[in-house]
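Survey of secondary and tertiary structure
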Amino acid sequence: MRFYGREREIGILRETEERSRSESRFTVVLGRRRIGKTSTIRKALEHTKIVYVYISRMKEPLFCRRMQDIAEDAGIEFTGSVSTVREFLRAVMIHSRGEPITLVLDEFQELDHVGPSVFSDIQEIWDMYKDESRINLVVAGSMHSMMVRIFENEKQPLFGRATGKLELRPLPINTLKEIMRDHEPSYDNRSLLTLYMLSGGVPPYVAALMDAKAFDTRSMIETALSPGSIFLRDGTDLMAEEFGRDKGTYTSILILIAEGRNTRSEMEGILGTGVGPYLQRLENEYGMIRRTVPIVGRNEKISRWEISDQYLRFFYRYIRPNEDLVETDRTDLLIKMVEKDLESYEGRVLEEYLRRRIAEEEDFTAVGRYWNRKGDAEVDIVAIDLIGRRAMLAEVKRNPSKIDMGKLRRTGETVPGLDGYEVSYRGLSMDDM
């Protein structure tokens, strides 16, 4: 699959490279594993001479010898050999005084395993030489918790050093539509919903389906759940990277949220233990879940939790709880299990898809949903325009014939905080994708 989207991100990276020709820049590129950080950086800098280093776990002298070889191939001269990251960065920054340099350090968090003082050394050399250098230092990392700790914890040496931060998010809805049109011009809306459900707009997941010529719902499900599929193993790999020895509790929480047991009290009742610290880390350090509250009224006491990544929602709902079927190569049974439950699950995915589409494509300043404390009044989509003082409330059903506009209006009259707003009502279905 060819490269799609990322025009804004590419523009930012190119503008930063231009600025680095007269002043040093230090850009942090964040994003979940497989979101396309490396390909986006390479695309943005495809016409720029760069020193690109993929960081792997090895002893510092051996790693620095490898970095020096890469830099020398790009025309950077060294006096003797370097054995520390500190010496390497110092040589590159001194060289950039005469010739602007772009240095890309990919999987930057892995430097934590290279040497005990690497981040302090980088901070020292950056502070010492940045004002006289012309270096475009770009660091990318996929372990969310590590990258947050390195750059956003005020106790860490690199806190406050970055001159820019770029967080890559999943591809937008319009790009997913473009990809489907290019590969299967006659695609239907359910196929588009399945692509969104399985990939969430994460490029390698999209590419895995398109490259397999899986353009309809059934073939996408079969491809995703076939032996050896990236979809079967990626969630497990992410768990191993982020959670380590605590993965049991984190996994249980994610499975419960994926099942729809999304309040703290529900989770604690089932697990028999407090989950507050785990929820905070999953949200703030790992970036895997988000806390949601009603978009109007914003009652923190009735908050719900949701997995922030469509692929991980699918993984923790179907794949992780049934890993025995994966391990015994009975993915045929897993496919049947998914297909039996699919219509019910698609309804939730459709709500999220439409909220995201409205947020990306329509003129509303905030998009969310509403529910009350008792749980007997809910609105699937509430979109607010603070500028024009208008609001849109919508009910979402897969089948438009099941939409009850009378009930929606009656519920809408109980929604607080909309006095003075022009309120409209919509019934939305797959026809509105």
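Summary of the structure given here. Remember, predicted model here, so these are calculated numbers, not experimental data. (Residues numbered from 1 in each chain as written. Predicted model: local features only at pLDDT ≥ 70, side-chain atom pairs only at ≥ 80, totals over all residues. Heavy atoms only, no water.)

**Notes on the side chain of Arg317**
To keep it simple, the criterion reads: A run of H or I in DSSP becomes a helix once it reaches four residues, and a run of E becomes a strand once it reaches two; helices and strands are each numbered from the N terminus. Only protein chains enter the area calculation, which uses a 1.4 Å probe; residues under 20% of their type maximum are buried, those over 50% are exposed, and those in between are partly exposed.
With respect to the helices and strands, the residue Arg317 is situated in helix H15 (residues 310-319). Its relative accessible area of 17% is what places Arg317 among the buried residues.

**Side note on a negative patch on the surface**
Inclusion rule: Like charges within 9 Å and nonpolar side chains (Val, Leu, Ile, Met, Phe, Trp, Tyr) within 5 Å are joined into patches, using only residues over 30% in relative accessible area that form no salt bridge. A 1.4 Å probe and the Shrake-Rupley method give the accessible areas. Residues count as covered only by the protein chains that appear here. Basic side-chain nitrogens of Lys or Arg form a salt bridge, by our definition, when they fall within 4 Å of a carboxyl oxygen of Asp or Glu. His is not counted here, nor are the chain ends, while Lys and Arg score as positive and Asp and Glu score as negative. Where a charge sits is defined by one atom per residue type, namely NZ (Lys), CZ (Arg), CG (Asp) or CD (Glu).
Together, Asp69, Glu72, Asp73 and Glu77 make up a region of like negative charge exposed at the surface. Positionally, Asp69 belongs in helix H3 (residues 60-73). Overall, Asp69 belongs to the partly exposed group, its relative accessible area being 40%.

**Section: the sheet that holds strand S11 (residues 422-428)**
Condition: DSSP bridges decide pairing: two strands pair if at least two such bridges lie between them. Fitting a line to C-alpha atoms yields each axis, with helices limited to the stretch in contact; the angle taken between N-to-C directions then spans 0 to 180 degrees. What makes two residues a contact is simply this: any of their non-hydrogen atoms within 4.5 Å.
Across the sheet, four strands lie side by side as S8-S9-S10-S11; this open sheet has mixed pairing. Two strands in the sheet have a free side with no partner beyond their single neighbour: strand S8 (366-371) and S11. Going across the sheet, the axis of each strand differs from the next one's by a mean of 25°, ignoring polarity. One ladder, built from five bridges, connects strand S9 (residues 378-385) with strand S10 (residues 390-396); its direction is antiparallel. If you follow Asp385 over to S10, its bridge partner there is Arg390. Across the sheet, helix H18 (residues 405-412) touches S9, S10 and S11, and the angle it forms with S11 is around 145°.

**As for the side chain of Arg320**
Mapped onto the elements, Arg320 comes out in the loop between H15 and helix H16 (323-327). If we skip the residues at most four places from it in the chain, Arg320 touches Met239, Thr251, Ile255 and Phe315.

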